[in-house]
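Each chain is listed here by its residues.
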Amino acid sequence: DAKTTQPPSMDCAEGRAANLPCNHSTISGNEYVYWYRQIHSQGPQYIIHGLKNNETNEMASLIITEDRKSSTLILPHATLRDTAVYYCIVRVSPSGGSNYKLTFGKGTLLTVNP
Amino acid sequence: DAMVIQNPRYQVTQFGKPVTLSCSQTLNHNVMYWYQQKSSQAPKLLFHYYDKDFNNEADTPDNFQSRRPNTSFCFLDIRSPGLGDAAMYLCATSEQWKETQYFGPGTRLLVL
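These notes cover the structure that comes with them. All values derive from a computational prediction rather than experimental measurement. (Residues numbered from 1 in each chain as written. Chains lettered and ligands numbered in written order. Predicted model: local features only at pLDDT ≥ 70, side-chain atom pairs only at ≥ 80, totals over all residues. Heavy atoms only, no water.)

**Description of the interface of chain B and chain A**
In this assembly, 21 residues from chain B lie in contact with 21 residues from chain A. Both sides together, the interface formed by chain B and chain A hides about 1700 Å², and carbon and sulfur atoms give 55% of it. Here chain B is connected to chain A by zero salt bridges. For the side of chain B that touches chain A, the secondary-structure elements that each account for two or more residues are β4 (31-37), β5 (44-50) and β9 (87-94) of chain B. Class assignment of the residues belonging to the side of chain B that touches chain A gives a composition of 11 nonpolar, six polar and four charged. (Contact = heavy atoms within 4.5 Å. Buried area = accessible area lost by both parts, 1.4 Å probe. Salt bridge = Lys/Arg side-chain N within 4 Å of Asp/Glu carboxyl O. Helix = DSSP H or I, 4+ residues; strand = E, 2+ residues; numbered from the N terminus. Nonpolar A, V, L, I, M, F, W, Y, C, P; charged D, E, K, R; others polar.)

Written as structure tokens, this is what we have:
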């Protein structure tokens with residue numbers, strides 16, 4: 001799986017958009033970008049994933065650059081409850097019972113301030 | 001609500017005393033995973049079950065074993081815990097061939 005690089009920490013004001021970057025310059029053509037987050041003392045939580053098109057769901061938006069070497073997770077209106085470690089993970093999509101593995105990097109600690 | 005349940009949330013054991021952590025799921029997912037997360041580190045996969053098929057990660061110590069008696073339950077056995085095994089142990093599930101893994105709240109293990 002391709003390696004990812006994320007800033008160790010970021011701050012964001014409550015109610016503002018939080019933009020979390022991720023570099024994955026060695027990503028392969030069949031690898032997806034996944035985002036999970038982990039609130040303190042809880043298990044990780046899936047947020048969103050994408051291959052090359054931008055994606056949006058009820059939690060966040062994912063913007064992937066055209067060359068796919070980087071992406072940005074956007075939380076449009078951050079709340080205090082969004083304070084967590086955000087992990088960007090690149091991997092091949094599971095198929096046929098294989099390619100199951102999530103390899104977590106160090107992630108970004110996002111702190112949302114009142 | 002369908003979910004992944006881990007009990008207990010906190011477990012204390014003695015150095016060298018076998019301990020078992022449990023995980024159950026109501027999602028009826030084929031795949032179940034065990035991750036270890038040490039303080040200030042990212043979760044690290046220990047092994048996973050695809051149905052009854054056990055898949056061990058290459059660097060998982062022999063001290064760690066797992067059992068999956070049925071679809072709903074999976075156990076993590078640590079045969080002789082050392083101080084270095086103190087960590088949060090996370091159970092997760094996924095539906096076969098699907099991308100999303102659903103995590104339980106974790107069991108924090110303390111080794112005295």
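Moving on from the coordinates now.
**Remarks on the packing of aromatic side chains**
Residue and element names in this part refer to chain B. In total, this model carries 13 aromatic pairs over all chains according to the counting rule given. With a centroid separation of 5.3 Å and 45° between ring planes, the pair formed by Y35 and F103 is classed as tilted. Taken together, the residues span a long stretch of sequence, with Y35 in strand β4 and F103 in strand β10 (residues 102-103) at a distance of 68 residues. Side by side, Y35 and F103 carry an identical accessibility label, which is buried. (Phe/Tyr/Trp six-rings, centres within 6.5 Å; stacked < 30°, edge-to-face > 60°. Buried < 20%, exposed > 50% of the residue type's maximum accessible area, 1.4 Å probe, protein only.)

**What to know about the pairing of β4 of chain B**
Residues and elements named next belong to chain B. Within β4, seven of the seven residues are buried, which leaves the element mostly enclosed by the surrounding structure. Taking every second residue as pointing to the same face, both faces of β4 are buried, with V31, Y33, Y35 and Q37 on one and M32, W34 and Q36 on the other. Alignment of β4 against β5, held across six bridges, turns out to be antiparallel. Counterpart to V31 in the pairing with β5 is Y50. (Pairing = 2+ DSSP bridges.)

**Concerning the nonpolar core**
Counting residues in each nonpolar core, the largest one holds 21 residues, and the members touching the most others are L20, W35, L73, L75, Y86 and L110 of chain A. Counting residues per element, the ones that place at least two in this core are β2 (18-23), β3 (31-38), β4 (45-50), β6 (61-64), β7 (70-75), β8 (84-92) and β9 (108-113) of chain A. The biggest single contributor to this core is β8 of chain A, with four residues. Counting 18 residues, the second-largest nonpolar core is a separate cluster that includes C23, M32, Y49 and Y89 of chain B. (Core = buried A, V, L, I, M, F, W, Y, C linked by side-chain atoms within 4.5 Å.)

**Some points on the state of the cysteines**
Across all of its chains, the model carries two disulfides over all chains by this definition. Between the sulfur atoms of C23 of chain B and its disulfide mate C91 of chain B the distance is 1.9 Å. Handedness of the C23 of chain B-C91 of chain B disulfide follows from its S-S torsion of about -75°: it is left-handed. Placement of the pair is C23 of chain B in strand β3 (residues 19-25) and C91 of chain B in strand β9, with a sequence separation of 68 residues. Like C23 of chain B, the residue C91 of chain B is buried in the burial classification. No disulfide involves C12 of chain A; its sulfur sits 18 Å from that of C22 of chain A, the nearest cysteine. The class of C12 of chain A is buried, set by a relative accessible area of 7%. Between C74 of chain B, a free cysteine, and C91 of chain B, which holds the nearest cysteine sulfur, the sulfur-to-sulfur gap is 6.0 Å. (Disulfide = S-S within 2.5 Å.)

On their own, these measurements won't tell you what the molecule is for.
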